[in-house]
Amino acid sequence: MSALGIRVNFKPAKWPENLKNARAGKLQVWNLGSSAASPDGRPSFDRGATSHKGGQNLSRFSNKSFDELYRRIMVIPDGPERERLFYEGKRILTAYAPYKFHVHRILTDLAWPWVSGFRRPPYWLSWWQYVDIDTQRQAKEGK
């Protein structure tokens, strides 16, 4: 950056402090990850809604067209109209690019044959309460 004549000041901090600063609009650049927590796309749109500045909208993005779509998505049921609103909202977020998405997570799960009940849930990371061990099969096949 020095060769380009750009002065950079890095301020390392702990997660809670970085999040507080991001929500306050004090960070120009910050990387973080996210995962969908439900099959509905509305929570992901919180990141672009003006009403969520200081919360999930870390970029502090504000766009009247997007906000109108967001308000409508909140009240209409699933169906073609709501799907169209999601499509239009994604187009707005892509055009204005308040966030740069550059990674897609890939998960690989490995389990022993005697583990039963494991199934990777599509939207949340909570699966361990459904898992059990078949001790007879473990004794027969394992160590």
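The structure under discussion appears in the preceding block.
These lines cover the structure that appears in this document, whether it is placed above or below. These numbers were taken from a predicted model, which means no experiment stands behind them.

1. Some details on the nonpolar core
Formed by F45, A49, F61, F66, L69, Y70, I73, I76, L85, F86, I92 and L93, the largest nonpolar core amounts to twelve residues. The contacts of A49, once residues within four sequence positions are left out, are N57, F61, F66, D67 and Y70.

2. So, the environment of G79
Structurally, the position occupied by G79 is in the loop between helix 3 (64-75) and helix 4 (80-96). For the pair G79 and T108, spaced 29 residues apart in sequence, the C-alpha to C-alpha distance is 33 Å.

3. Overview of the environment of Y123
For Y123, the location among the structural elements is in the loop between strand 1 (115-116) and strand 2 (132-133). Owing to a relative accessible area of 34%, Y123 belongs among the partly exposed residues under this scheme. Sequence separation between Y123 and A37 is 86 residues; the distance between their C-alpha atoms is 5.0 Å. For Y123, the contacting residues outside a window of four places in its chain are A36, A37, S38 and P39.

4. Here's the deal with the pattern of salt bridges
Under the defined criterion, the tally for this structure stands at nine salt bridges. Note that E81 is salt-bridged to R72, the shortest N-O span being 2.2 Å. Classification of R72 as partly exposed rests on a relative accessible area of 29%. With a shortest N-O distance of 2.6 Å, D109 and R120 are connected by a salt bridge. Taken together, the residues D109 in the loop between helix 4 and strand 1 and R120 in the loop between strand 1 and strand 2 connect sequence positions eleven residues apart. Since its relative accessible area comes to 32%, D109 is described here as partly exposed. Salt bridges linked by common partners bring D40, D78 and R82 together as one network.

5. Considering the side chain of N57
As for its position among the elements, N57 is in the loop between helix 2 (42-45) and helix 3. Setting aside residues no more than four positions away along its own chain, N57 makes contact with D46, R47, G48, A49, T50, H52 and Y99.

6. Remarks on a nonpolar patch on the surface
A surface patch of nonpolar side chains, amounting to about 570 Å² of accessible area, comprises M1, L4, I6, V8 and F10. Within the element layout of this structure, I6 appears in the segment before helix 1 (15-23). We classify I6 as partly exposed; its relative accessible area is 41%.

Procedures and definitions
Residues numbered from 1 in each chain as written. Predicted model: local features only at pLDDT ≥ 70, side-chain atom pairs only at ≥ 80, totals over all residues. Heavy atoms only, no water. Core = buried A, V, L, I, M, F, W, Y, C linked by side-chain atoms within 4.5 Å. Buried < 20%, exposed > 50% of the residue type's maximum accessible area, 1.4 Å probe, protein only. Contact = heavy atoms within 4.5 Å. Helix = DSSP H or I, 4+ residues; strand = E, 2+ residues; numbered from the N terminus. Salt bridge = Lys/Arg side-chain N within 4 Å of Asp/Glu carboxyl O. Patch = residues over 30% accessible without salt bridge, like charges linked within 9 Å, V, L, I, M, F, W, Y side chains within 5 Å. Areas by Shrake-Rupley, 256 points an atom, 1.4 Å probe, with all protein chains shown as cover.

This is a description of form; function is not addressed.
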